[in-house]
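Secondary and tertiary structure notes
Residues per chain, in single letters:
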Amino acid sequence: MTTGESETKTSSETKTPVENEENETSKDAMSTTTPVRAPEDTTADAPGAPAEHGRVGGGVFDPKQLWKSLPDACRKLDPRVMAKSPVMFVVEIGSVLTTVMAIAKPGDWFGWAITAWLWLTVVFANLAEAVAEGRGKAQADTLRKAKTNTVARRLTSDVEEQVPGTELRIGDLVVCEAGDTIPGDGDVVEGVASVDESAITGESAPVIRESGGDRCAVTGGTKVLSDRIVIKITTKPGETFIDRMINLVEGAARQKTPNEIALNILLASLTIVFLLAVVTLQPFAIYAKAEQSMIVLIALLVCLIPTTIGALLSAIGIAGMDRLVQRNVLAMSGRAVEAAGDVSTLLLDKTGTITYGNRQAAEFLPVHGITAAEVADAAQLSSLADETPEGRSVVVLAKEKFGLRERHEGELAHAEWVPFTAQTRMSGVDIEEDGIARKVRKGATGSVVAWVKEHGGSVPEDVQRLTDEISQAGGTPLLVAVEDVHGARVLGVIHLKDVVKHGMRERFDELRRMGIKTVMITGDNPLTAAAIAEEAGVDDFLAEATPEDKMALIKREQAGGKLVAMTGDGTNDAPALAQADVGVAMNTGTSAAKEAGNMVDLDSNPTKLIEIVEIGKQLLITRGALTTFSIANDVAKYFAIIPAMFAVAYPGLNKLNIMALHSPQSAILSAIIFNALIIIALVPLALRGVQYRPMSADKMLRRNLAIYGVGGLIAPFIGIKLIDMIITLIPGIG
Amino acid sequence: MPIAAGAVGSMSPICADVLQVTALIVALALVYRPFGDYMAAVFASPKHLRVERWIYKAIGADPDAQMRWTAYLRGVLAFSAVSVLFLYLLQRVQNHLPGSLGFSAVSPAQAFNTAMSFVTNTNWQSYSGETTMGHVVQTGGLAVQNFVSAAVGIAVAIALVRGFARSRTGDLGNFWADLVRCVVRILLPGSFIAAIVLVACGAIQDFGTWHHLTTLAGDQQAMPVGGVASQEAIKEFGTNGGGYFNANSAHPFENPNAFTNFFEIFLILVIPFSLTRTFGTMVGSVKQGYAILAAMGIIWLIFVIFMSWSEFAHPGAALHAAGGAMEGKEQRFGVGSSSLFATSTTLTSTGAVNSFHSSFSAFGGGIALLGIMLGEIAPGGTGSGLYGMLIMAIIAVFIAGLMVGHTPEYLDKKIGSREIKFAASYILITPALVLIFTAIAMALPTPIHSAANPGPHGFSEVLYAYTSAANNNGSAFAGLNANTDWFNTTIGICMALGRFLPMVFVLALAGSLAEQQPVPATAGTLRTEKPLFAGLLVGTVLIVTALTFFPALALGPLAEGLS
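In this text the structure is predicted, and so the values were computed from the model without any measurement. Position numbers for residues start from 1 in each chain and track the written sequence from start to end. Here the convention is simple: chains get letters from A, ligands get numbers from 1, in the order in which they are written. Where local features are concerned, this predicted model is filtered to residues with pLDDT of at least 70; where side-chain atom pairs are given and counted, the filter is 80 or more; whole-chain, interface and lining totals use all residues. Note that the side-chain values use all heavy atoms of the structure and ignore hydrogens as well as water.

**Quick look at the overall build of chain B**
For clarity, the cut-off: Helix and strand definitions follow DSSP, with helices as H or I runs of at least four residues and strands as E runs of at least two, each counted in order from the N terminus. Just to be clear, the radius of gyration here is over C-alpha atoms, and the globule rule we use is 2.2 Å times residues to the power 0.38. When accessible area is computed with a 1.4 Å probe and restricted to protein chains, residues below 20% of their type maximum are described as buried, those above 50% as exposed, and intermediate ones as partly exposed. Residues are treated as being in contact if the distance between any of their heavy atoms lies within 4.5 Å.
Helix and strand counts for chain B stand at 19 helices and 4 strands. The C-alpha atoms of chain B give a radius of gyration of 23 Å, which matches the 24 Å a tight globule of 563 residues would have. In terms of overall dimensions, chain B has C-alpha extents of about 75 × 55 × 55 Å along its principal axes. Every one of the 563 residues in chain B was classed for burial, and the buried ones make up 63%. Considering only intrachain contacts with a sequence separation of at least 6, the fraction spanning at least 24 residues in chain B is 78%.

Now the structure itself:
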C-alpha cells in the first residue's frame, strides 16, 4: 500500500497550516478546565485577520494524486458503479459501442482515436472521484490504527473481567486506568482522568474527563493518561464515533444530498434532450444525403451532454466534506453541509464565540479629586492577591495603560495579603511603607462601601453615578478604596466588562451582507446582553437564555422558513442541537450533544460555525459554476462538429466553421479531446472549490456568470482551436 | 389618396417599421397595468356574476370548492376530452346541421386533427375554412373552442401563480370558476370590443349565404361570408390563430388594412404580456412580473429586429427593387408589418399568419421556426406563455441560484428535486415530440412527398409542421400538404401531447410549490426581480433551445440560408 502511505503524507502536509492555526484555538477550548486566559494568546483564533485565514481555502491539489488514484479510477469502470452517474454512464456505453465499431473496422485511425478519448473521458471522471476519495482514505487509515483491538476490563458487580472491545454492550461498565485505551464510547460515571484524544482531534494536549457535568463523554480509541475512571458504554461496537468517522471520511456513508439529486435530475434531462437531438439527427442526415457514422454521432452526443459537471459532481461533494474534515469538523451527513450554505440564522453563544469568555478590566474611573493613575496603582496593589481572571486582568490593564510593573508578593515588606474569597468579595493588601500603614481594598461595590464605612470613611457622591453608568453599559463595577493617614475613602471604580473578540463586528457585517442574521445567546441579563450585542454588532440577542428559550427561538425562526445553525456542548443543548438545521456539537461536549448534532467540531471552537457556513456555500457555488461552464461549452462544440458533419452535403455550412478547423476528423477529434481534458483541468477546482468571498448575491452572481458563463462560452473556442492545431501536426492527420 | 401615398412613400419602410414597433410597444404599455390588474382581480374576486352562477348550475360545478392539483388537472383533462369529442362529432355530422353551406361531413382524420387543434389552442388547419366548415361548426364549434381553449391555458397559468403565492396548502383554486370567469369576464368582453373595431375597419360579419358576383370582366366570382370579425377577434385575442379563411390574416375580409393588421398584432400580444402583471400582482411583487416581462420583451424585440433585418436585407436584384423579400407577403402590409406579424404569431402560440412563412427568406423562416421552438414563451400563448416562462425561470434560478451559494429559491419557494423533476420533464416534452415525430416522418418513405420543395426547404416544412403542432402554435410553413392521414393523425397526437403533458407537470409543480412554506428572502438570496436575472433568463431560454435544435436547424434553414 504505497499509495496509502504517500497519501497520508500528502494529507498531513496539506493539513499543516490548518493545524498550526487550530492549535491555538484548541488550547482555548481546552482551557475551559483552567479558565485563566490572558488576552494575548486568544488573538490567534479571533477572526480579526480574515484575509489570511479563516477564509474558505482548500487542500492543495497535488497532480501526483491523479496518477496514484488511477487504479481506483479503473476499478470504477464497473457499469454497476457507473450507473450512479447517468451522464458518465452514457459516455461509457458510447465508449463500448465505438470500441466495437473500431474493432469491426480496425484500419480506421479516426475510430480508434475517438474510442481512446472516450474511454479517457470516463477514466478522467472516475479519477476525479477517486482523488477526492483518496484524501479521505488516508485519514481513515490513521483512525483505524486507533481502533486496533482493545481489550476491555468489564465490571460486572464489582468483578473485573477481560473481554474484547467488540463484545461490549450498551450499559456495560468498564474500567480504564493510565495507559489503557478506552474500548468504546461512553460516559464517565466514576472518577476523573486526563485523556489523550489526539487520535481523533490531532491535538496532543490532554483533556480532563470527569463524571457528572458536561465533561463526562469519552470516545473509544482515545487513551487514558492518568488516574482511573469507570465508563458506562453508550454505543454499540461498530457504531462508535470512531467507526462513524471512518465511514464518513472514506465516503462509504456518503449519500447524495438533496441539491445534488436535483442537479442530477436536471443533468439527466439535459442528457435525454441531447440524446434525442443526436438520435433523431440520423434520419435528417440521410435525407440530406449526409449519413453519419455511428462513431461521429456518439462523439457528438458525448460532446453535448454535460460531461464536465457530470464527471466532477461527486468529487465536488466529497471534497466539500473533506474541506470540513481538514478543519477538524465532522459532518454526519452531506445534507448538513448543504444546509450550512442555506443557513439564514446563526445562534452564537456569547462566551467563547463572541467574547473571550470572562470579564476583564477595561477602565479605571477615578472619583473627583483623584487621578486615574492613583486608582490604577491602588487597584493593581489590591489585585495582586486576587488569582481570579478578573483580578489578573486588573494587573494586566494597569501595566498596559499606566506602565505599572507587576509587583510580586515577596517584593513588598510587611505586606499582609488579603486574598479574594467568595464571602468577603474583596481582595487587597495591608502594607507598611516608611512606617505609614496603608490598607488597599478592591471588590464588589457593596462590600467595599461597607468596608469604607466600617473604617470611618465616607463614600463620595459620584461613586453612585460611576457604578450606575457601568452597570447600564453592561459592565460590572468594582470599587477601589484605601485607608491611610487621610482616612478611609473610595478612590475610584474599575470597569469590568466582557471583552468582545477582535474583528467580530467585521465578521458579522460580512455575514449580514451574505444575508445571515446573527443571534447572540447569553445567560447575562438583558442590559448586559444588549450592551455586548451592540458592541459586537450582532443583529439580535437572547438574554438570560434557558435551553427552552433556545429551542423556542429555533422553532420560531424555522416556522418563518429560516434555516438555523448553532453550536452546543451541554446535555441541555441536545434538544436544540437536534432541532437546528445545522447543529455543531463541540467534541469536548457530552455524548448526548454529539449524538444530537449533525456535525462535531473536534477542536471545540464555536467560531468555526462561520467557516462551516462558508464551506456549505462554496460547495453549492462550485456545483453551479461548473454546471454553467459545462452547458456554455456546448456552443463551441456545435460550431466544431456540425460543419464537420454536414459541410460535405451543404457546403454553405462551412461558414459555421468559424474556428477554421483543419478537417472534419480533426474538428470532431479536437472537440472530444477538449471535452476530456477539461475534466482533468477542472479537477483541482472541483476539489478546492471555487474562490469564495462573502458578498451580496447579486455581486456574486455577476462575478460567477462572467467567469464561468462567459468563460465557458469562450474557453472551448480557444481550446478546440489549439488542440486542432496540435493534432494536425501529427503525420497522417494533417 | 395620392398625397397620402406620396407621404408614405417619402418615409423609408424601415423607418415606418420602427415607428410601428414603437407604437405597438406604447399601446401594449398603456394597457399593461390596468388590464393585468383587472385580470388579477378577476381571479381573486370572491363574487360570482349571475350568468356565471347559471353556468355553474348547468355544469353542476361548485365554484367555491378548492382543488388540489390533481383535482384541477382532472378538470382540465375532462373538460378538454369532452371538448374534443364534441368538436369531432360536430364536424362528422356537419352535413346534417343547419347553415352547413352545403359542405359534407369532414373526414375522420381531418376531424380528429381539427378537434385536437382547436381544443389545444393550436389551431393548426389542414383544411380551408371557406370550403370545409359551415356556420355551425365555425361559430358553434371552432369559435367556442377559441374562447375556452384560451381560457384553459390561462387557468393553468393562474393555478401555477397561486402555487407560488400560496403556502402550506395544496389548494390551487377552482378550475371551473377560473375557466368560466376567464371566458365571461375577460375573453368575451375583450373580443366584443375587438370585433367592433374590426368591423368598423372593414372586416366582415355576415351569416348569410355566399355572394355571387359578376366581375367587370364578366367572370363569375363567389364571395365567402361568415361571422369573420367576431372569430378574428378571439383568434388573435386568445392566441388561437385558426383563420376563418384559408388565407388567414392575409385575407382582406379578416385583415382589411394596415390598421387592422396593427390592431391584430396588438390583440395577439396583449394578454400574454399583461399576464406578467397579473402574475406580479398575485405574488405580491409587481417587480417580479416586470422581470418576466422584460425577459419576454427582450426576446420578442430581438426576434422582431432579426426577422425584419433578414427580410429587408434579402439579397437579389428583384428583391432589392421591391425593398425586401416580398414573395408571399401582402402588398397591403409590406415587409415590415409582415415581419412583425410573423414574429408575434410565432413567439405566441397564435399561428395566425398574414404572410407565408415558407416564402420568407431562409433565415426569416428559420427565425419563425426558432421562435416556436423557444416553446412559446416570449410572450407565448394565453397562459401557456406565462407558465412556460416561469418554468424556464425555475431552471435559470436553479443554476444561477447555486452560483450564489444558496439552495435555489424562486419567489420565496425552494427549488428542490421535486420542483426540478417537474420543470425538467416539462422542458423535455416539446423537443422530444418535435424531434421524434420529425425523425419518424423523415425516416418513412411517404410523408416527405407532402413537401412542396426538395432539399433543406422541404425538411424545414416538415420540421416546421411538427414544431408548430407540439408547441401548439398552429402556423404552417405552407408548402406542406398536411391533409394526409399521416399528418392529420400524427400532428393531432403531437398537439394533444404537446398541450396536456406540460400542463400535467405545471399543475404538479404548482401543487408542490403551494405546499411549501415560504423561505424569506435575505441578502444572500438571488434577486429575481433584477435586470441581471431577466438577462440570465433570456440567455437560458436561448441557449437551451439553441442547443436542442441546432443540428436540426443546421440542416434546414441554416443550410439553405448559408448556401
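**A short note on the packing of helix α11 (residues 294–304) of chain A against helix α25 (residues 664–688) of chain A**
Residue and element names in this part refer to chain A. The cut-off we apply is this: Axes here mean lines fitted to C-alpha atoms, for a helix over just the part in contact, with angles spanning 0 to 180 degrees between N-to-C directions. Put simply, a crossing is left-handed when the front helix is turned counterclockwise from the back one by less than a right angle, and right-handed when it is turned clockwise. Gly is placed with the polar residues, together with every amino acid not listed as nonpolar (Ala, Val, Leu, Ile, Met, Phe, Trp, Tyr, Cys and Pro) or charged (Asp, Glu, Lys and Arg).
With their axes 10 Å apart at the nearest point, α11 and α25 run at an angle of 40° to one another. Judged by the twist between their axes, the crossing of α11 over α25 is left-handed. Along its contact with α11, which presents V296, A299, V302 and C303, the element α25 presents I668, A671, I672 and N675. Along the lines of polarity and charge, the residues of the contact of α11 with α25 split into 7 nonpolar, 1 polar and no charged.

**Side note on the pattern of salt bridges**
Where we set the bar: Whenever a carboxyl oxygen of Asp or Glu lies within 4 Å of a side-chain nitrogen of Lys or Arg, that contact is scored as a salt bridge.
Enumeration over the complete set of coordinates arrives at 44 salt bridges over all chains. When the shortest N-O distance is used, the salt bridge between A:R75 and A:D72 registers 2.4 Å. In this pair, A:R75 and A:D72 are both assigned in helix α3 (residues 70–75), 3 residues apart and thus about one turn of the helix distant. In this structure A:R75 comes out as exposed when scored by relative accessible area, which is 58%. For A:D72, a relative accessible area of 23% corresponds to the partly exposed category. A salt bridge links B:K329 to B:E311, with the nearest nitrogen and oxygen atoms 2.6 Å apart. Of this pair, B:K329 sits in the loop between α12 (317–322) and α13 (334–347) while B:E311 sits in helix α11 (residues 286–312); the two residues are 18 residues apart in sequence, bridging distant segments of the chain. One continuous salt-bridge network, built from bridges that share partners, spans A:R153, A:E160, A:E177, A:D180, A:E190 and A:R228.

**Quick notes on the sheet that holds strand β8 (residues 223–226) of chain A**
Residues and elements named next belong to chain A. Worth spelling out the cut-off: A pair of strands is considered paired only if DSSP assigns at least 2 bridges between the two.
What the 3 strands build is an open sheet, ordered β6-β5-β8; its pairing is antiparallel. Each end of this open sheet is capped by a strand with a single partner; those strands are β6 (207–210) and β8. Averaged over all neighbouring strand pairs, the angle between strand axes comes to 50°, with direction disregarded. Relative to β6, strand β5 (residues 192–196) runs antiparallel, the two being bridged by 4 bridges.

**Details of a nonpolar patch on the surface**
We count it as follows: To count toward a patch, a residue needs a relative accessible area over 30% and no salt bridge; like charges are then connected within 9 Å, while nonpolar side chains (Val, Leu, Ile, Met, Phe, Trp, Tyr) are connected within 5 Å. Note on areas: these come from Shrake-Rupley sampling with a 1.4 Å probe, and a residue is covered only by the protein chains present in the view.
A surface patch of nonpolar side chains, about 450 Å² in accessible area, is lined by A:V710, A:I714, A:I718, A:L722 and A:M725. Looking at the secondary structure, you find A:L722 in helix α26 (residues 697–727).

**Brief notes about the interface of chain B and chain A**
Going by this rule: For any pair of parts, buried area is found by adding up, for both, the accessible area (1.4 Å probe) each one loses once the two are put together.
Counting residues at the interface gives 59 residues for chain B, matched by 61 residues for chain A. Here chain B packs against chain A, burying approximately 5000 Å² in sum over the two surfaces, 76% of which is carbon and sulfur. Contact with chain A buries surface across chain B, with B:M403, B:L547 and B:L555 losing the most and accounting together for 15% of the total. Scanning the region where chain B abuts chain A turns up 1 salt bridge.

**Let's talk about the pairing of strand β2 (residues 159–164) of chain A**
All names here are of chain A. Bridge analysis of strand β1 (residues 151–156) against β2 gives 6 bridges, and the strand direction is antiparallel. Bridge assignment links R154 to a residue of β2, and that residue is E161. Hairpin remark: β1 followed by β2, antiparallel, with 2 residues in the connecting loop; positive phi at S157, about 35°.

**As for empty space enclosed by the protein**
Note the following rule: Think of a 1 Å grid over the protein atoms and nothing else: a 1.4 Å probe that fits but is trapped marks a cavity, an open set flanked by protein within 12 Å on at least five of seven lines marks a pocket, and residues with an atom within 4 Å of a point count as lining. Grid points are joined across faces, edges and corners, and a volume is the space filled by probe spheres set on the points.
Inspection of every chain in the model, using the stated rule, returns 12 cavities of 30 Å³ or more. Put simply, the largest cavity is a space of about 350 Å³. For the largest cavity, the lining is made up of 26 residues, of which B:L374, B:G375, B:Y426, B:T430 and B:N471 are closest to its centre. Elements represented by at least two residues in the lining of the largest cavity include exactly α9 (258–279) of chain A together with α15 (384–403), α16 (417–443), α18 (485–515) and α19 (531–562) of chain B. Here the lining of the largest cavity is composed, by residue class, of 14 nonpolar, 10 polar and 2 charged.

**Looking at α16(B)**
Operational definition: Every helix has an expected span of 1.5 Å times one less than the residues it contains.
Taking 1.5 Å per residue, 27 residues should reach 39 Å; α16(B) reaches 37 Å between its end C-alpha atoms and fits that length. Within α16(B), 21 of the 27 residues are buried, leaving the element largely enclosed by the surrounding structure.

**Observations regarding the confidence of the model for chain B**
Interpreting fine coordinate detail is not advised for predicted regions of low pLDDT. All names here are of chain B. For clarity, the threshold we go by: pLDDT is a residue-level measure of predictor confidence that goes from 0 to 100.
Of all residues in chain B, 96% attain a pLDDT of 70 or more, and the chain-wide mean is 90. A low-confidence stretch, residues 1–9 stays under pLDDT 50, and its non-local contacts, those more than four residues away or across chains, total 0 contacts. Overall fold confidence for the complex sits at a pTM of 0.85, while the interface term, ipTM, reaches 0.93.

**A word on the sheet that holds strand β20 (residues 564–568) of chain A**
Residues and elements named next belong to chain A. The 7 strands lie next to each other as β10-β22-β21-β20-β11-β18-β19, forming an open sheet whose pairing is mixed. In this open sheet, the two edge strands, each paired with only one partner strand, are β10 (329–331) and β19 (540–542). Sheet twist, expressed as the average angle between the axes of neighbouring strands with direction ignored, equals 20°. Sheet topology places strand β11 (residues 345–349) next to β20; 3 bridges connect them, and they run parallel. Following the sheet pairing, T345 is matched in β20 by V564.

**A closer look at the side chain of B:Q20**
All names here are of chain B. Note the following rule: In protein, a polar contact means a hydrogen-donor-capable atom and an acceptor-capable atom, both N or O and within 3.5 Å, with residues adjacent in sequence counting only if both atoms are side-chain atoms; elsewhere, any N or O pair within 3.5 Å suffices.
Along the chain, Q20 falls in helix α2 (residues 13–44). Side chain to side chain, Q20 and S337 meet in a polar contact 3.0 Å long. Ignoring anything within four residues of it in the chain, the contact list for Q20 reads F262, G336, S337 and L340.

**As for the environment of B:V462**
Residues and elements named next belong to chain B. Counting through the fold element by element, V462 comes out in helix α17 (residues 455–470). Judged by its relative accessible area of 1%, V462 is buried. Each C-alpha atom of the pair V462 and G479 lies 9.6 Å from the other, and the pair is 17 residues apart in sequence. With residues up to four places along the chain from it excluded, the contact list for V462 reads T438, A441, M442, I448, L480 and F487.

**As for unusual backbone geometry**
Look at the link from B:A378 to B:P379: it is a cis peptide, with omega at 5°. Position of B:P379 relative to the elements: it lies in the loop between α14 (362–373) and α15.

**Notes on the packing of aromatic side chains**
Applied cut-off: Each aromatic pair joins two rings of Phe, Tyr and Trp (for Trp, the six-membered one) with centres within 6.5 Å, and gets the label stacked for planes under 30 degrees apart, edge-to-face for over 60, and tilted for any other angle.
Scanning the entire structure with this criterion turns up 26 aromatic pairs over all chains. Ring geometry for A:W109 against A:F110: centres 5.9 Å apart, planes inclined by 85°, an arrangement best described as edge-to-face. For A:F110, a relative accessible area of 7% gives the class buried. Taking the centre distance of 4.7 Å and the plane angle of 55° together, the rings of A:F284 and B:F459 count as tilted. Of this pair, A:F284 sits in helix α10 (residues 281–287) while B:F459 sits in helix α17, which puts the two residues in different chains.

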